[in-house]
Amino acid sequence: MSTTKTSMTGIVKSVGSKVMAKNNGAQYVLQNVLITSGPATGMLVLATRTTLTKEAKVKKIPELDAEVTLYHSVVPSTKAGEKNQHFFEISTGADTASNADLDAIFG
C-alpha cells in the first residue's frame, strides 16, 4: 500500500480521540502531534496510535507532551485534485527491541 515510509520525532499535543475499530479487530485513537525533526519540523499533524493490536496486545496512549516517533506513509490519493494521502502512525518505542537485544543476535 505505501509508496514511501519515513520516520521523525514529535511531541503529542492532544489527548486521544474516541477509540475506533479497524476491520482486523485492532483499535486506535487519533492524536495531534507537533513534528520536531526533519523537513516537516513545526507542522501539527493528525496521527494514529494503535491501542489494541489484531493479536489483542494492549498499547498505551501517549500522554500530552510525550516525545514519540512518527512513521509517515504516503499513498496516491483517490480524491480528485489531490496528489497524495499522508498517514502518520505514533510509536513510543516501548515495544521495540533494545540495542543490547539486537547486539546479542547480530553481534
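Presented here is a report on the structure given in the accompanying data block. Since this is a predicted model, take the numbers as computed values, not measurements. (Residues numbered from 1 in each chain as written. Predicted model: local features only at pLDDT ≥ 70, side-chain atom pairs only at ≥ 80, totals over all residues. Heavy atoms only, no water.)

### Things to note about the overall build of the chain
Check the secondary structure of the chain and you find 1 helix and 6 strands. Put simply, the chain runs from its N terminus to its C terminus through helices and strands in the order β-β-β-β-β-β-α. Each of the 107 residues in the chain was classed as buried or not, and the buried ones make up 26%. Counted over contacts in the chain with a minimum sequence separation of 6, partners at least 24 positions apart contribute 46%. When the accessible area of the chain is evaluated, it comes to approximately 7200 Å², of which 55% is carbon and sulfur surface. (Helix = DSSP H or I, 4+ residues; strand = E, 2+ residues; numbered from the N terminus. Buried < 20%, exposed > 50% of the residue type's maximum accessible area, 1.4 Å probe, protein only. Contact = heavy atoms within 4.5 Å. Areas by Shrake-Rupley, 256 points an atom, 1.4 Å probe, with all protein chains shown as cover.)

### What to know about a nonpolar patch on the surface
A contiguous nonpolar surface patch, about 350 Å² in accessible area, is contributed by Leu-102, Ile-105 and Phe-106. Residue placement: Phe-106 occurs in helix H1 (residues 99–106). The exposure class of Phe-106 is exposed, given its relative accessible area of 68%. (Patch = residues over 30% accessible without salt bridge, like charges linked within 9 Å, V, L, I, M, F, W, Y side chains within 5 Å. Salt bridge = Lys/Arg side-chain N within 4 Å of Asp/Glu carboxyl O.)

### A short note on the environment of Ile-105
Mapped onto the fold, Ile-105 is located in helix H1. Distance in space between the C-alpha atoms of Ile-105 and Leu-46 is 36 Å, their sequence separation being 59 residues.

### Focus on the pattern of salt bridges
One pass over the full model with this rule turns up 1 salt bridge. Its salt-bridge partner being Asp-65, residue Lys-13 comes within 3.1 Å of it at the nearest N-O pair. Of this pair, Lys-13 sits in the loop between strand E1 (4–12) and strand E2 (20–21) while Asp-65 is found in the loop between strand E4 (44–52) and strand E5 (67–76), placing the two residues 52 residues apart along the sequence. Residue Lys-13 is classed as partly exposed on the basis of its relative accessible area of 42%.

### Structural notes on unusual backbone geometry
Note: most peptide bonds trans; most residues except glycine with negative phi. Positive phi is not limited to glycine here, since Ala-56 has a value of about 70°. Of note in the backbone geometry, Asp-65 takes a positive phi value of approximately 70° without being a glycine.

### What to know about the nonpolar core
In this structure, Met-8, Val-12, Val-33, Ile-35, Ala-40, Val-45, Ala-47, Val-68, Leu-70, Phe-88 and Ile-90 together form the largest nonpolar core, which totals 11 residues. When contributions to this core are tallied by element, the ones reaching two or more residues are E1, strand E3 (27–35), E4, E5 and strand E6 (84–91). Contact partners of Val-68, with chain neighbours within four places excluded, come to Met-8, Thr-9, Gly-10, Val-12, Val-33, Pro-62, Ile-90, Ser-91 and Thr-92. (Core = buried A, V, L, I, M, F, W, Y, C linked by side-chain atoms within 4.5 Å.)

### Focus on the environment of Ser-7
Along the chain, the position of Ser-7 falls in strand E1. With 35 residues separating them along the chain, Ser-7 and Gly-42 place their C-alpha atoms 15 Å apart. Excluding residues within four positions of it along the chain, Ser-7 makes contact with Thr-69, Leu-70 and Tyr-71.

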